[in-house]
Amino acid sequence: GAGSPAPTTRPNAAAPAGMNKHSYLAADGGPHMLLPVGIASSWSGASSMAAALNPKSDYGRACAATTSTQMAAITVGPGAALVFADPPMTAWGTSADGLVEVYDLKSWTGTNLDALIDRATATLPTPSMTDTGVKLRLEVPDAFLLYAGDTPTSTAYGVHRVPLPPGTYRVLSGSYSGPGESVAIYRLQRTGT
């Protein structure tokens, strides 16, 4: 909407080789999240050290939601956001069948993360993925991928705008592992309007 930030969705052309196909997000621990644009103004992140330590703060709720699971949905304003537990790095892209997906990079051995993501997503055709039972609803287009302690307008680690049409999405999951490599993929499959 008007006045909301519009971070670039174009991957960083100045990124190192092997890291310019996707928009990567790294933070010093703490959960990452996929926050629908329509409810982003309801998210306060960790506005202070006290808020970061308060289990009732937005950031505290995000941390608590992922203590025993790798991905969870939490209430934000009138909607919900997806929270990913303490990934070293996340990124987003699209599957072979055109669905938006979030990559939770757990471990890697080389610097060509684009190739790692390509390998991971190629091994997980949509019909083979698990329906997590989690749903995400967007009333207006797009979502932000960011560190849960940040907000889209005040970020220490960066924020990526993920193009998604409004609607309800099932969250599908799958994982890929190779020697020293591990990636979890969360794919958003639209269920209708």
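What counts, and where the lines are drawn
- Residues numbered from 1 in each chain as written.
- Predicted model: local features only at pLDDT ≥ 70, side-chain atom pairs only at ≥ 80, totals over all residues.
- Heavy atoms only, no water.
- Helix = DSSP H or I, 4+ residues; strand = E, 2+ residues; numbered from the N terminus.
- Rg over C-alpha atoms; globule rule 2.2 N^0.38 Å.
- Buried < 20%, exposed > 50% of the residue type's maximum accessible area, 1.4 Å probe, protein only.
- Contact = heavy atoms within 4.5 Å.
- Phe/Tyr/Trp six-rings, centres within 6.5 Å; stacked < 30°, edge-to-face > 60°.
- pLDDT = per-residue confidence, 0-100.
- Core = buried A, V, L, I, M, F, W, Y, C linked by side-chain atoms within 4.5 Å.

Draft legend 1. The overall build of the chain, seen in detail. Helix and strand content of the chain: three helices and eleven strands. Counting from the amino terminus, the chain carries its helices and strands in the arrangement β-β-α-α-β-β-β-β-α-β-β-β-β-β. By the compact-globule yardstick of 16 Å for 193 residues, the chain fits well, its C-alpha radius of gyration being 16 Å. In terms of overall dimensions, the chain has a C-alpha envelope of 40 × 35 × 35 Å along the principal axes. Per-residue burial over the chain gives 50% buried out of 193 residues.

Draft legend 2. Geometry of the environment of Asp150. When you line up the elements, Asp150 lands in the loop between strand E8 (143-147) and strand E9 (159-162). Counting along the chain gives 117 residues from Asp150 to Met33, while the straight-line C-alpha distance between them is 9.7 Å. Aside from chain neighbours lying at most four places away, what touches Asp150 is Trp43, Gly45, Thr155, Ala156, Tyr157 and Gly158.

Draft legend 3. Structural view of the packing of aromatic side chains. Overall, the coordinates contain three aromatic pairs when judged by the stated rule. With centroids separated by 5.2 Å and ring planes inclined at 40°, the aromatic side chains of Phe84 and Tyr186 adopt a geometry described as tilted. With Phe84 in strand E4 (residues 79-84) and Tyr186 in strand E11 (residues 181-192), this residue pair connects regions lying 102 residues apart in the sequence. Assigned by exposure class, Phe84 and Tyr186 land together as buried. Geometrically, the ring pair formed by Tyr147 and Tyr157 is edge-to-face, given 4.9 Å between the ring centres and 75° between the ring planes. Here the residue Tyr147 occupies a position in strand E8, and Tyr157 occupies one in the loop between E8 and E9, the gap between them amounting to ten residues. Given the relative accessible area of 29%, Tyr157 is considered partly exposed. Among the aromatic residues, ring-to-ring pairing joins Tyr59, Tyr147 and Tyr157 into one connected group.

Draft legend 4. Here's a closer look at the confidence of the model for the chain. For the chain, per-residue confidence averages 90 on the pLDDT scale, and residues scoring 70 or more make up 91% of the total. Across residues 1-12, where pLDDT falls below 50, the model places 22 contacts with residues more than four positions away in sequence or in other chains.

Draft legend 5. Representation of the nonpolar core. Leu34, Leu82, Phe84, Leu145, Leu164 and Leu188 are the most contacted members of the largest nonpolar core, which totals 20 residues. Among the secondary structure elements, those contributing two or more residues to this core are E4, strand E6 (100-107), strand E7 (130-138), E8, strand E10 (167-178) and E11. When near neighbours in sequence (up to four residues on either side) are disregarded, Leu164 contacts Val100, Leu138, Pro141, Asp142, Ala143, Tyr169 and Leu188.

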